[in-house]
Amino acid sequence: MSSKLSTFICQNCGSETSQYFGKCLNCNSWNSIVEEIKIKRSKYQDPKDIKNSKKSIPFNEISSKKISRFTSGFKEIDRVLGGGIVPGSVVLLGGEPGIGKSTIVLQSAGKISLNEKVLYVTAEESLEQVKIRWERLNQNSNELKIFAETNLTLIMEEIKSVNPSFAIIDSIQAIHNHEMESSPGSVSQVRACSSELQNLAKNNNIALLIIGHVTKDGALAGPKTLEHLVDVVINFEGDKVSSHRLLRSIKNRFGSTFEIGIFEMLEKGLVEVKNPSSIFTNKENISGVTTTITNEGSRPFAVDIQALVNKTFYSNPRRTTTGISINRLHQILAVIEKHLGIKLSEFDCYIATGGGFEINDPSSDLGVAISILSSLKNLPPLASTSFIGELGLSGQVRKSNNLRTKIEEAVRMGIKNIVVPKLEEELNNNFQNLINIKEISNIKEAVDYSLSE
Ligand code: TYD
Ligand code: MG
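Being a predicted model, the structure only gives us computed values, none of them experimental.

Along the protein chain, the regular secondary structure elements total 13 helices and 21 strands. Across its three principal axes, the protein chain shows a C-alpha extent of roughly 80 × 55 × 50 Å. Counting all 453 residues of the protein chain, 47% fall into the buried class. As displayed, the protein chain offers around 22,700 Å² of accessible surface, 49% of which is attributable to carbon and sulfur atoms. Computed over 52 positive and 50 negative side-chain charges, the inter-centroid distance for the protein chain is 3 Å.

Okay, the pattern of salt bridges next. Under the defined criterion, the tally for this structure stands at 18 salt bridges. For arginine 79, the salt bridge is made with glutamate 76, and the minimal N-O distance between the two is 2.9 Å. Remark: glutamate 76 and arginine 79 occur in helix 2 (residues 75-80); sequence separation between them is three residues, near one turn of the helix. For arginine 79, a relative accessible area of 24% puts it in the partly exposed group. By relative accessible area, glutamate 76 is classed as buried at 6%. Residue aspartate 365 is joined to arginine 328 by a salt bridge in which the shortest nitrogen-to-oxygen separation is 2.8 Å. Note that aspartate 365 is positioned in helix 10 (residues 365-377) and arginine 328 in helix 9 (residues 326-340), a separation of 37 residues in sequence. Accessibility expressed as a relative area gives 26% for arginine 328, which makes it partly exposed.

Here the focus is the site of ligand 1. Among the 16 residues in the neighbourhood of ligand 1, the closest are listed as Gly98, Ser102, Thr103, Leu266 and Gly269. At 2.7 Å, a backbone N or O of glycine 98 approaches an oxygen atom of ligand 1. For ligand 1, whose free accessible area comes to 560 Å², the fraction covered by protein is 76%. Secondary-structure elements contributing two or more residues to the shell around ligand 1 are helix 3 (101-112), helix 4 (127-137) and strand 11 (260-266). Residues that form the shell around ligand 1 fall into these classes: five nonpolar, five polar and six charged.

Position of serine 188 relative to the elements: it lies in helix 6 (residues 187-204). Residue classification places serine 188 among the buried residues on the basis of a relative accessible area of 11%. Look past the residues within four positions of serine 188 in its chain and what remains in contact with it is Ile9, Glu36, Met180 and Ser182.

Our focus in this paragraph is helix 5 (residues 152-162). Given 3.6 residues to a turn, an α-helix orients residues that are three or four positions apart in the same direction. Every buried residue belonging to helix 5 is among Leu152, Ile155, Met156, Ile159 and Val162, and all of these are buried. The buried residues of helix 5 all sit within an arc of 140 degrees when viewed along its axis, so they share a single face. For helix 5, the elements touching its buried residues are strand 5 (118-122), strand 6 (144-148), strand 7 (166-170) and helix 6. One side-chain oxygen at the N-terminal end of helix 5 lies 2.9 Å from the backbone nitrogen of threonine 153; it belongs to asparagine 151.

Spatially, nine strands are ordered 6-5-7-8-4-9-10-11-12 in an open sheet, and the strand pairing comes out mixed. In this open sheet, the two strands that pair with only one neighbour each are strand 6 and strand 12 (269-272). Across the sheet, the mean angle separating the axes of adjacent strands is 25 degrees when strand polarity is ignored. Those strands touched by helix 3 are strand 4 (90-95), strand 5, strand 6, strand 7, strand 8 (207-213), strand 9 (232-238), strand 11 and strand 12, and its axis lies near 165 degrees from that of strand 8.

Let us look at the environment of isoleucine 351. Here isoleucine 351 shows up in strand 16 (residues 347-353). Taking the C-alpha atoms as reference points, isoleucine 351 and valine 289, separated by 62 residues in sequence, lie 9.8 Å from one another. What isoleucine 351 contacts, discounting residues up to four positions off in sequence, is Ile305, Gln306, Ala307, Thr320, Thr321, Thr322, Ile324, Leu329, Val368 and Ile372.

Attention now moves to the nonpolar core. Core analysis: the largest hydrophobic core is formed by 38 residues, its most contacted members being Ile351, Leu366 and Ile372. Of all the elements in the fold, those that place two or more residues in this core are strand 11, strand 14 (299-311), helix 9, strand 16, helix 10 and helix 13 (443-450). Per-element tally for this core: the top contributor is helix 10, with six residues. Ranked by size, the runner-up nonpolar core spans 31 residues in total, among them Phe70, Leu106, Val130 and Leu144.

Rules and cut-offs
Residues numbered from 1 in each chain as written. Chains lettered and ligands numbered in written order. Predicted model: local features only at pLDDT ≥ 70, side-chain atom pairs only at ≥ 80, totals over all residues. Heavy atoms only, no water. Helix = DSSP H or I, 4+ residues; strand = E, 2+ residues; numbered from the N terminus. Buried < 20%, exposed > 50% of the residue type's maximum accessible area, 1.4 Å probe, protein only. Areas by Shrake-Rupley, 256 points an atom, 1.4 Å probe, with all protein chains shown as cover. Lys, Arg positive; Asp, Glu negative; His and termini not counted. Charge placed at Lys NZ, Arg CZ, Asp CG, Glu CD. Salt bridge = Lys/Arg side-chain N within 4 Å of Asp/Glu carboxyl O. Near = heavy atom within 4 Å. Polar contact = N/O pair within 3.5 Å; in protein donor to acceptor, adjacent residues only side chain to side chain. Nonpolar A, V, L, I, M, F, W, Y, C, P; charged D, E, K, R; others polar. Contact = heavy atoms within 4.5 Å. Arc of directions from axis to C-beta. Pairing = 2+ DSSP bridges. Axes fitted to C-alpha atoms, helices over the stretch in contact; angles between N-to-C directions. Core = buried A, V, L, I, M, F, W, Y, C linked by side-chain atoms within 4.5 Å.

Now the structure itself:
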């Protein structure tokens, strides 16, 4: 039995109201509310259904299974997924249009199909378009099937009949459930289609990858509802002008969330970047530039930090950042003012990381501070030196996590000196002949060591 209900859904944030508003009360966006007809089904009305429904079982009787995984064909993707693709899992791959989602997924589908059955559902492009892309990628495939369809029911039937190990939906915004009146891509369509596909995947132990476009401000369309529904959310990011692409995990029920994978878009598709540190550093010894080693997931990267400090012509000095948060910069400037007695209120300050790489690790603070002072004094810092350490509000340099792997990365990069917070003796002994380690306890010591005239 079903009845039709009218509901009003914000296409930006997915919140629901019972009446129309010009402005969403939840996310404050204008004209984003659309009326959608919802079909309400009452479940379990039949006593037979209730009798056959699942029962709770004692927790101790649940057998524990080791998660088995299969490879995506790319080490970078496997790492972001926590070690490979888990059968029966649902992965949501988000990214701006044109960033390379279809390309990477098709490349991966080809590689997986050499060992497993794969079904690629293309709802946005025709079979011929996919074939043209495929020819460009110059790859092999074996058990790879392509299905060009937008109707959810037909897609579900095809998945059931092919019964692949891995199925791809490209993209969720292009498919529709004909029982619903709203248009494809609307929040309620995206929600309903995803949840039906998810049930199908779980019941048949099929790993499912759903591609979703992101909106301008970076949120997945139909956002929060999709994110909590799926097991893994990964984002494909990058600058349109640069050829590098980052695969970042945002949520992962089977692994860590901070992993990133790095690719480069070439003429013949995406290739993995084996030595990421080399693309974010220039190894120059000029004023205003330092190198820090930051941890993203389980991997350390060397990244340049550039600063430009100039006398200001404005009543309020300008402060802008690319790659680190503006609040972090304000805090570092305040520490320099207070503890080194340098008046920075008369200077504009611009910070940019190498390649615009987004750094979230607070141990980059010391590198930012030394870059600022180096630009201010117009003096290059000590050559071939990396700076690691979080700046405390009292000017002290605080401990950094994963220091061992960071120092190892500096050694691998051929960096000669590394400025770090106080180390345990054992760590210091380990690296004694490999790199010159300078331990410091506050910002003044770091400046005296690396910026003396
Ligand atoms: P695409 O995978 O279609 O993006 P999405 O699915 O995220 O919308 O990527 C399209 C872009 O990638 C397009 O601008 C062309 C570029 N590209 C290459 O540079 N090399 C290639 O081998 C391929 C297939 C695409
Ligand atoms: Mg695409």
